[in-house]
Amino acid sequence: LREAIARFYHDRFGADVAPERIVVTAGASGALMLALAATTDPGDEWLLPDPGYPSNRHLIRAFEGVARALEVDAASRYQPRPGQVDAAWGEHTRGLMVATPSNPTGTLLSVAEIAALHRSTRARGGVLLVDEIYQGLTYGVESATALADPVLNAADDVFVVNSFSKYFGMTGWRLGWVVAPQAYVRQIEKLAQHFFISPSTPAQHAALAAFTPATLEILEERRHAFAARRNTLLPALPELGFRFATEPQGAFYLYADISDLADNSETLARRLIEDAGVATTPGIDFGDNAPDRHLRIAYTTEEARLVEAAERIASVLRAG
C-alpha cells in the first residue's frame with residue numbers, strides 16, 4: 001500500500017516520495033496524532049488557524065501541548081500568512097498546522113504559499129504540519145500537494161497528512177497516512193504500536209483498489225458531482241441573505257456569514273434544524289473567531305435535496 005501511495009504521488013503530482021517515509025495509519029486522525037506525538041513536548045505551542053477543524057487543538061492537548069489560535073478571515077481566504085506566523089511565534093512555539101483544502105471554509109493554499117509558510121517555520125527551528133485530507137476535492141483549480149515542491153519534499157521539518165476518507169470515499173474504513181521526514185519514521189512506528197498496533201489489514205487491502213484506473217475514473221465523476229452541488233447551492237444562498245466574502249474552492253463546505261440574518265449562528269442553526277429540517281453547523285464548533293457570525297453548510301447530498309434545503313431555509317426566514 002505504501003508503494004501504491006508513492007506511485008500515486010508520482011503519477012498525479014510528479015512528486016517522488018520514498019515508500020519508506022509513508023506511515024499508514026488508523027484514519028487521518030491517527031496520522032495527525034502520531035505526527036504531533038513525535039514532535040510535541042509538554043508546554044510546546046502549536047499555531048492553528050481559527051476557524052479550523054476542532055479536533056486538532058484537542059490532539060495537541062493530549063500530548064501536553066498548547067494550541068494557540070491564529071485568527072484568519074476572508075481577507076486571507078481564511079489561511080494564515082507568513083507575517084502573521086512571524087508575529088505570533090514565541091519562545092515555546094513548536095510548529096504551525098495548516099489545512100488545504102480546509103474545514104470549515106473550503107479554501108486552499110497554493111504550493112508556493114505553503115513554501116512561504118515553511119520558510120517562516122524553518123527560520124525559527126519549527127515544524128510545519130500540512131493537512132491534505134481533502135486533497136483531490138477541488139473545483140476550478142487543479143489539486144496539489146506540498147510534496148510536489150522539492151524543498152518541502154526533502155525537508156526534515158515538514159509532515160504531510162492525508163486520508164482515504166474524502167476524495168477516495170472510504171470513510172468507514174478508517175485509513176489514512178502521514179508522509180514523515182525519514183528521521184521520524186521509526187519513532188512514529190513505535191508510537192503507532194503503542195497507540196493502535198496497526199491499521200486494519202482488510203482496509204489496507206481494500207485501499208489498493210483506490211488507485212486503479214477504473215476507481216480513479218469513478219472518483220473524478222464524484223468530484224464533478226460535488227462541483228455541481230457546490231455550483232447549485234453557492235449562488236442560491238446569497239439570495240436568502242447569506243454572505244460569502246471568499247469563494248470556497250475545495251472540500252465540500254460553505255462557510256457563510258449570517259450576520260444579516262441573525263445575531264447568533266447557534267440560534268439560527270437550531271431554528272433551521274427544528275423548523276426547516278435542515279442541518280447546519282454553527283461557527284462555535286470551529287473556534288473563537290467570530291463564531292456567532294458564521295455557519296458551515298455541507299453539500300454532501302444530491303442537487304435536488306440541496307435545492308429543497310434552500311427552499312426550506314427560505315420559508316423559515318420569510319416567516320420571520
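Note that the coordinates shown come from a computational prediction; the quantities given were computed from them, not determined experimentally.

Q: Help me understand the nonpolar core, please; the structure alone is not making it clear to me.
A: Counting 96 residues, the largest nonpolar core has Tyr-9, Leu-129, Phe-159, Phe-164, Phe-168 and Phe-242 as its most contacted members. Per-element accounting of this core gives the leading share, 7 residues, to helix 2 (residues 27-39). Residue contacts for Phe-242: discarding those within four places in its chain leaves Leu-237, Ala-256, Asp-257, Ile-258, Leu-261, Leu-295, Ile-297, Ile-313 and Leu-317.

Q: When you look at the packing of aromatic side chains in this model, what are you seeing that I'm missing?
A: The geometry of two aromatic rings is summed up by the distance between their centres and the angle between their planes. Tallying each qualifying case throughout the model produces 19 aromatic pairs. Centroid distance Phe-8 to Phe-13: 6.0 Å. Interplanar angle 90 degrees. Geometry classified as edge-to-face. Considered together, Phe-8 and Phe-13 belong to a single accessibility category, that of buried residues. When the centroid spacing of 6.3 Å and the interplanar angle of 85 degrees are considered together, the rings of Tyr-255 and Phe-286 count as edge-to-face. With Tyr-255 in strand 8 (residues 253-257) and Phe-286 in the loop between strand 9 (281-282) and strand 10 (294-298), this residue pair connects regions lying 31 residues apart in the sequence. Residue Tyr-255 shares its accessibility class with Phe-286, and that shared class is buried. Taken together, Phe-8, Tyr-9, Phe-13, Phe-164, Tyr-167, Phe-168, Trp-177 and Phe-211 form an aromatic cluster joined through their ring pairs.

Q: Can you help me understand the pairing of strand 8 in this one?
A: Both faces of the sheet carry side chains from a regular strand, because those side chains alternate between them. Within strand 8, 5 of the 5 residues are buried, which leaves it mostly tucked inside the rest of the structure. Side chains Tyr-253, Tyr-255 and Asp-257 project from strand 8 onto one buried face, and the interleaved Leu-254 and Ala-256 project onto a second face that is buried too. In this structure, strand 8 lies alongside strand 10, joined through 5 bridges in antiparallel fashion. Residue pairing for strand 10: Tyr-255 is matched across the bridge by Arg-296.

Q: Can you walk me through helix 10 (residues 265-276) in this structure?
A: Residues spaced three or four apart along an α-helix face the same direction, because each turn holds 3.6 residues. For helix 10, the full list of buried residues reads Ser-265, Leu-268, Ala-269, Leu-272 and Ala-276. Each buried residue of helix 10 lies within a common arc of 100 degrees when the element is viewed along its axis, so the set occupies one face. Pointing more than 90 degrees away from the buried face of helix 10 are the exposed residues Thr-267, Arg-270, Glu-274 and Asp-275. Where helix 10 is buried, its residues meet strand 9, strand 10 and helix 11 (303-318). Between the side-chain oxygen of the N-cap and the backbone nitrogen of Glu-266 there are 2.8 Å, and the N-cap of helix 10 in question is Asn-264. Immediately downstream of helix 10, the backbone of Gly-277 shows phi near 70 degrees, a positive value.

Q: Help me out: how do you make sense of the side chain of Thr-138 in this one?
A: Looking at where Thr-138 falls in the secondary structure, it is placed in the loop between strand 5 (127-131) and helix 6 (150-154). Accessibility expressed as a relative area gives 4% for Thr-138, which makes it buried. Here Val-141 takes part through its backbone oxygen, which lies 2.9 Å from a polar atom of the side chain of Thr-138. Here the side chain of Thr-138 touches Ser-143 through a polar contact of 3.5 Å, landing on its backbone nitrogen. When near neighbours in sequence (up to four residues on either side) are disregarded, Thr-138 contacts Pro-101, Leu-108, Ser-143, Arg-223, Gln-249 and Gly-250.

Q: Would you explain the pattern of salt bridges in this entry?
A: Any two side chains of opposite charge can pair, so long as their charged atoms come close to each other. Applying the stated criterion across every chain yields a total of 14 salt bridges. Between Arg-293 and Asp-257 there is a salt bridge whose closest N-O contact spans 2.6 Å. Placement of the pair is Arg-293 in the loop between strand 9 and strand 10 and Asp-257 in strand 8, with a sequence separation of 36 residues. The class of Arg-293 is partly exposed, set by a relative accessible area of 39%. Classification of Asp-257 by relative accessible area gives buried; the value is 8%.

Q: What's the story with helix 2 in this structure? I'm lost.
A: Its 13 residues give helix 2 an end-to-end C-alpha distance of 19 Å, which sits within 8% of 18 Å, the value for a rise of 1.5 Å per residue. Across the 13 residues of helix 2, 10 count as buried, placing the element largely inside the fold. Buried residues of helix 2: Gly-27, Ala-28, Gly-30, Ala-31, Leu-32, Leu-34, Ala-35, Leu-36, Ala-37 and Thr-39, and no others.

Q: Sorry, what's going on with the layout of surface pockets here?
A: Which parts of space are left empty comes out when a probe the size of a water molecule is rolled across the atoms. Its volume calculated, the largest pocket comes out at about 600 Å³. Residue lining of the largest pocket: 35 residues in total, with Gly-52, Tyr-53, Asn-56, Asn-103 and Asp-131 positioned closest to the centre. At the level of secondary structure, the elements contributing two or more residues to the lining of the largest pocket comprise helix 2, strand 2 (45-50), helix 3 (55-62), strand 3 (66-71) and strand 4 (93-99). Looking at side-chain class alone, the lining of the largest pocket contains 18 nonpolar, 10 polar and 7 charged residues. Reported here for the second largest pocket is a volume of approximately 350 Å³. Lining the second largest pocket are 19 residues, with Gly-277, Val-278, Ala-279, Thr-301 and Ala-309 sitting closest to its centre. Breaking the lining of the second largest pocket down by element, the ones donating at least two residues are strand 10 and helix 11. Here the element with the most residues in the lining of the second largest pocket is helix 11; it accounts for 7 residues. When its residues are assigned to classes, the lining of the second largest pocket shows 10 nonpolar, 5 polar and 4 charged.

About the cut-offs
Residues numbered from 1 in each chain as written. Predicted model: local features only at pLDDT ≥ 70, side-chain atom pairs only at ≥ 80, totals over all residues. Heavy atoms only, no water. Core = buried A, V, L, I, M, F, W, Y, C linked by side-chain atoms within 4.5 Å. Buried < 20%, exposed > 50% of the residue type's maximum accessible area, 1.4 Å probe, protein only. Helix = DSSP H or I, 4+ residues; strand = E, 2+ residues; numbered from the N terminus. Contact = heavy atoms within 4.5 Å. Phe/Tyr/Trp six-rings, centres within 6.5 Å; stacked < 30°, edge-to-face > 60°. Pairing = 2+ DSSP bridges. Arc of directions from axis to C-beta. Polar contact = N/O pair within 3.5 Å; in protein donor to acceptor, adjacent residues only side chain to side chain. Salt bridge = Lys/Arg side-chain N within 4 Å of Asp/Glu carboxyl O. Expected span 1.5 Å × (residues − 1). 1 Å grid on protein atoms, 1.4 Å probe; cavity = no way out; pocket = protein on both sides within 12 Å on 5 of 7 lines; lining within 4 Å. Points joined across faces, edges and corners; volume = space filled by probe spheres on them. Nonpolar A, V, L, I, M, F, W, Y, C, P; charged D, E, K, R; others polar.

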